[in-house]
Amino acid sequence: QVQLVESGGGLVQAGGSLRLSCAASGRTFSNYAMGWFRQAPGKEREFVATISWSGSTTYYADSVKGRFTISRDNAKNTMYLQMNSLKPEDTAAYYCATGRSTVAVTAAARYAYWGQGTQVTVSS
């Protein structure tokens, strides 16, 4: 059974940085693309970033491009999201996800497995 566990969330001031981690288990991590999504209170879940199985291809939401960096360490079965220059509008629960695709995909419907989420709060 695939399990995803996020960590690294917390409270940070605007302009600060956080690094989220997503530890995966239950199948061959390196075979599949991974993604980060977020959901703020009262809003729908939205795409943040995705990375292909090898890490060679990444896509970002326009709202985080240039500030966030997605990466993965297949030897450690772990994906990361480095978040810099954080803004209050980045406040949300952040979820990692994986599915059956090897290529980076942005649609939530393409992801079959989700973590429990980690909260990021950015104060102004």
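Check the entry above for the structure.
In this report, the structure presented in the accompanying data block is examined. Keep in mind that this is a model prediction, so the values were computed, not measured.

### Remarks on the overall build of the chain
In terms of regular secondary structure, the chain is built from zero helices and 11 strands. In the chain, the succession of α and β elements from N to C terminus is β-β-β-β-β-β-β-β-β-β-β. Taking 124 residues into account, the globule formula puts the C-alpha radius of gyration at 14 Å, and the chain, at 13 Å, falls close to it. C-alpha extents for the chain along the principal axes are approximately 40 × 25 × 25 Å. A total of 124 residues make up the chain; the buried ones form 44% of that total. For the chain, contacts bridging at least 24 residues in sequence account for 59% of all contacts bridging at least 6.

### Quick notes on the pattern of salt bridges
Taken as a whole and judged by the stated rule, the model has four salt bridges. Across the salt bridge formed by Arg-38 and Glu-46, the nearest N and O atoms sit 2.5 Å from each other. Connected through salt bridges with shared partners, the residues Arg-38, Glu-46, Arg-67 and Asp-90 form a single ionic network.

### A look at the environment of Gln-13
Considering the arrangement of structural elements, one finds Gln-13 in strand β2 (residues 10-13). Distance from Gln-13 to Trp-53, taken between C-alpha atoms, is 33 Å for residues 40 residues apart in sequence. Excluding residues within four positions of it along the chain, Gln-13 makes contact with Val-122 and Ser-123.

### Section: the packing of aromatic side chains
Per the counting criterion, the structure on display carries four aromatic pairs. Considering the side-chain rings of Phe-37 and Phe-47, the 5.8 Å spacing of their centres and the 70° angle between planes classify their relative orientation as edge-to-face. Separated by 10 residues along the polypeptide, Phe-37 in strand β4 (residues 34-39) and Phe-47 in strand β5 (residues 46-51) bring together distant segments of the chain. We note that Phe-37, like Phe-47, is buried. Each member of the aromatic cluster is reached from another via a ring pair, and the members are Phe-37, Phe-47, Tyr-111 and Trp-114. The side chain of Arg-45 reaches across the aromatic face of Trp-114, ending 4.6 Å from its centre. Over the ring of Phe-29 we find Arg-72; its NZ or CZ atom is 4.4 Å from the centre of that ring.

Scoring rules and cut-offs
- Residues numbered from 1 in each chain as written.
- Predicted model: local features only at pLDDT ≥ 70, side-chain atom pairs only at ≥ 80, totals over all residues.
- Heavy atoms only, no water.
- Helix = DSSP H or I, 4+ residues; strand = E, 2+ residues; numbered from the N terminus.
- Rg over C-alpha atoms; globule rule 2.2 N^0.38 Å.
- Buried < 20%, exposed > 50% of the residue type's maximum accessible area, 1.4 Å probe, protein only.
- Contact = heavy atoms within 4.5 Å.
- Salt bridge = Lys/Arg side-chain N within 4 Å of Asp/Glu carboxyl O.
- Phe/Tyr/Trp six-rings, centres within 6.5 Å; stacked < 30°, edge-to-face > 60°.
- Lys NZ or Arg CZ within 6 Å of the ring centre and 35° of its normal.

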